[in-house]
Amino acid sequence: MPILNENYLNLKESYLFSEIAHRVNNYIVHNPDKKVIRLGIGDVTLPIGPTVIAKLHEGVEELGSADTFKGYGPEQGYEFLRSAIVDYYSQNKISIVSDEVFVSDGAKSDTGNITDLFDKDNVILIPDPVYPVYVDTNIMNGRKITYLDANETNQFLPMPDPKTHADIIYICSPNNPTGATYNKEQLKEWVDYALENDAIILFDAAYECFITDAALPRSIYAIEGARKCAIEFCSLSKTAGFTGTRCGYTIVPKDLKFTTSTGIEISLNAMWNRRQTTKFNGVSYIVQKGAAAVFSAEGMAQCRENIKYYQENARIIAAGLSQKGIRCFGGVNSPYIWFKCPNDMDSWDFFDELLTKAQVVGTPGAGFGKNGQKFFRLTSFGNRENTIEAMARIDKLL
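What this report covers is the structure whose coordinates are included nearby. Note on numbering: residues in each chain are counted from 1, in written sequence order. Local features in a predicted model are, by the rule used here, given only for residues with pLDDT of at least 70; side-chain atom pairs are given and counted only at 80 or more, and totals for whole chains, interfaces and linings are based on all residues. With hydrogens and water stripped out, all remaining heavy atoms of the structure feed into the side-chain values.

**Section: the overall build of the chain**
Now for step 1: Per the convention used, a helix needs a DSSP run of H or I reaching at least four residues, while a strand needs a run of E reaching at least two, with both numbered from the N terminus. Helices and strands together make up the secondary structure of the chain, namely 12 helices and 15 strands.
Now for step 2: For the chain, whose C-alpha radius of gyration is 21 Å, the value lies close to the compact-globule estimate of 21 Å for 398 residues.
Now for step 3: Principal axes of the C-alpha set define a box for the chain whose edges measure 60 × 60 × 55 Å.
Now for step 4: When contacts within the chain are restricted to residue pairs at least 6 apart in sequence, those whose partners lie at least 24 apart make up 73%.
Now for step 5: Values of accessible area rely on a 1.4 Å probe in the Shrake-Rupley scheme; residue burial ignores everything except the protein chains shown. Total accessible area on the chain stands at roughly 17,900 Å², and carbon and sulfur atoms take up 51% of it.
Now for step 6: Charge counting follows a simple rule: Lys and Arg are positive, Asp and Glu are negative, and His as well as the terminal groups are ignored. The atoms used to mark charge sites are NZ of Lys, CZ of Arg, CG of Asp and CD of Glu. For the chain, the separation between the mean place of its 40 positive charges and that of its 48 negative charges on side chains is 3 Å. C-alpha atoms define the radius of gyration, and 2.2 Å times the number of residues to the power 0.38 defines the globule rule. Should any heavy atoms of two residues lie within 4.5 Å, those residues are counted as being in contact.

**Quick notes on the nonpolar core**
The tendency in soluble globular proteins is for nonpolar side chains to be buried as a group.
Now for step 1: For this analysis, a nonpolar core means a set of buried residues of the types Ala, Val, Leu, Ile, Met, Phe, Trp, Tyr and Cys, connected via side-chain atoms within 4.5 Å. Whether a residue is buried, partly exposed or exposed follows from its accessible area with a 1.4 Å probe, protein chains only, as a fraction of its type maximum: under 20%, in between, or over 50%, in that order. Membership of the largest hydrophobic core comes to 90 residues, with the highest contact counts inside it found for I169, I201, F242, Y249 and F295.
Now for step 2: Grouped together as the second largest cluster of nonpolar side chains are 27 residues, F118, I126, I168 and I231 included.

**Looking at the environment of D167**
Now for step 1: In this fold, D167 is placed in the loop between β4 (144-149) and β5 (168-172).
Now for step 2: The spatial distance from the C-alpha of D167 to the C-alpha of N122 is 5.7 Å, given a sequence separation of 45 residues.
Now for step 3: Residues in contact with D167, not counting those within four places in the same chain, are D121, N122, V123, A199 and I200.
Now for step 4: Two N or O atoms form a polar contact when they lie within 3.5 Å of each other; inside protein one atom must be a possible hydrogen donor and the other a possible acceptor, and for residues adjacent in sequence the pair counts only when both atoms belong to side chains. At 2.7 Å, the side chain of D167 forms a polar contact with the backbone nitrogen of V123.
Now for step 5: Reaching out from D167, the side chain makes a polar contact with the side chain of H165 at a distance of 2.9 Å.

**A closer look at the sheet that holds strand β15 (residues 375-379)**
Strands belonging to one sheet form pairs held by backbone hydrogen bonds; the direction of such a pair is parallel or antiparallel.
Now for step 1: Only when DSSP finds a minimum of two bridges between them are two strands counted as paired. An order of β11-β12-β15-β14 is seen for the four strands of this open sheet, with the pairing classed as antiparallel. Of all strands in the sheet, those bounded by a partner on one side alone are β11 (328-330) and β14 (363-364).
Now for step 2: When β11 meets strand β12 (residues 336-340), the two strands line up antiparallel, connected through three bridges. Bridge pairing in β12 places G330 opposite I337.
Now for step 3: Think of each axis as a best-fit line through the C-alpha atoms, taken over the contacting stretch in the case of a helix, with angles from 0 to 180 degrees between the N-to-C directions. Sitting on the sheet, helix α10 (residues 297-323) is in contact with β11, β12 and β15, with an inclination near 15° to β12.

**Here's the deal with unusual backbone geometry**
Glycine aside, residues mostly have negative phi angles, and peptide bonds mostly take the trans form.
Now for step 1: Here the amide bond leading from D128 into P129 is cis, since omega sits at 10°, within 30 degrees of zero.
Now for step 2: With respect to the helices, strands and loops of the structure, P129 is situated in the loop between β3 (123-128) and α5 (132-140).
Now for step 3: The omega torsion across S173 and P174 is -5°, close enough to zero to call that bond cis.
Now for step 4: Note on placement: P174 falls in the loop between β5 and α6 (184-197).
Now for step 5: For K93, which is not glycine, the phi dihedral falls at a positive 60°.
Now for step 6: Note that K93 resides in the loop between α3 (79-91) and β2 (101-104).
Now for step 7: One non-glycine residue, N343, adopts positive backbone phi at about 60°.
Now for step 8: Owing to a relative accessible area of 73%, N343 belongs among the exposed residues under this scheme.

**Overview of the sheet that holds β2**
Now for step 1: Here we have seven strands laid out as an open sheet, ordered β2-β8-β7-β6-β5-β3-β4, and mixed in their pairing. Because the sheet does not close on itself, it has two edges, and the strands there are β2 and β4. Between one strand and the next, the sheet's axes are offset by a mean angle of 20°, whatever the strand orientation.

**What about the packing of aromatic side chains?**
Now for step 1: What counts as a ring pair is set by centres within 6.5 Å for rings of Phe, Tyr and Trp (its six-membered ring), and what kind of pair is set by the plane angle: stacked under 30 degrees, edge-to-face over 60, tilted for all other angles. Enumeration according to the criterion identifies 25 aromatic pairs in this entry.
Now for step 2: Ring geometry for Y207 against Y336: centres 5.1 Å apart, planes inclined by 75°, an arrangement best described as edge-to-face. Of this pair, Y207 sits in the loop between β6 (200-204) and β7 (230-235) while Y336 sits in strand β12, and the two are 129 residues apart along the sequence.
Now for step 3: On the accessibility criterion, Y207 (7% relative accessible area) is buried.
Now for step 4: Among the residues examined, Y336 registers a relative accessible area of 1% and is labelled buried.
Now for step 5: For the pair Y309 and Y310, a centre-to-centre distance of 5.9 Å together with 85° between the ring planes defines the contact as edge-to-face.
Now for step 6: Its relative accessible area of 22% is what places Y309 among the partly exposed residues.
Now for step 7: Linked through ring pairs, F17, F156, F329, W338, F368 and F375 together constitute an aromatic cluster.
Now for step 8: The ring of F102 carries R82 above its face, with NZ or CZ at 5.9 Å from the centroid. Sitting over a ring, as applied to charges here, requires NZ of Lys or CZ of Arg to be within 6 Å of the ring centre and within 35 degrees of the ring normal.

**Focus on the pairing of β5**
Now for step 1: The buried count for β5 comes to five of five residues, which makes it a mostly enclosed element.
Now for step 2: With burial as the criterion, each face of β5 is covered, one bearing I168, Y170 and C172 and the other bearing I169 and I171.
Now for step 3: In this structure, β3 lies alongside β5, joined through two bridges in parallel fashion. Within the sheet, the bridge partner assigned to L125 lies in β5 and is I169.
Now for step 4: Where β5 lies against β6, five bridges are found, and the strand directions are parallel.

**Side note on the pairing of β4**
Now for step 1: Sheet topology note: the β3/β4 ladder contains six bridges and is parallel. The partner of I126 across the bridge, within β4, is Y147.
Now for step 2: Between the parallel pair β3 and β4, the chain is carried across by α5, and the sense of this crossover is right-handed. Handedness of a crossover is defined as follows: with both strands directed away from the viewer, a clockwise route from the first strand across the helix to the second makes it right-handed.

These figures capture arrangement, not role.
Dropping the structure here:
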């Protein structure tokens, strides 16, 4: 009889978004005449830009000819895409090299898989509320998690406590679910803390493309010293509408070197490369062909138009809630709007009320941690007509 990983017993019964889907589907079955508007899951609705689509088609055609056919590709990603990512960073005056870039099927996979590099006895520091994947993947591995309170008092941007030691620190900025974004001074405190504690920062920058304030860093590597203590994860899901296409990338600087228990210095870049070449066969050539086009001048211009569309949706949502006297977070440099449930309601109770009385789907804050218990998240990724209609329904309900 196999010995099972009983850490799975410590997980919640179901993943947050699976529970939401279950409740919504159950409601639809019993109310087929009702139009449900979904502003819950962070899935895009606008089509991928024509420049990227053209390159995806070009990739398909290349696989149809023996002269241009591609089989197995490099597990780290094709050089043409890695170089395009390097150029993208250089436009923001950040210097990386292509063999520090690892192409993957998304930031969700990599933020979970990166734990393969670390022993289970590491102390993990995770803000609460937070994207559930950070918590669940560490629970699966039996690691000790220390939670850092993110709340209204600190604008959902918790800062390091010198009295608290951590080995691995998760930071998401712009944050999912709260939409809060760290400034340079705040991130410098985190980098300094990591360096002082010989810790590693796992920096999720999946929503960096929504930052409009030029004073806010879009990468942890905009901070001096970060190359010695941070791994960065990014995604094309929201930047370019790749939620279904699947492509992201992780930056592992060569400066990241730590000493083993036996005194041997080891490179995290080399470890991650070994992990990927062992467990991952790479992203398809077709997808990488399209992904490289995202970083072209035409591709980025088309992506920015889509992002502006979602930003206007966010403004509409935030304005509607503010008119009802509800304080919002996010929605400016983030696609998410985070707000306190009206009448001090529990977030799952508000979810059910919003679904059954207004036929609008959001995400209960309790699914992101105890500090989200009385909060709720709406996303700006719906289409304009549905977003306006959803806010009209919410206005009538509240």
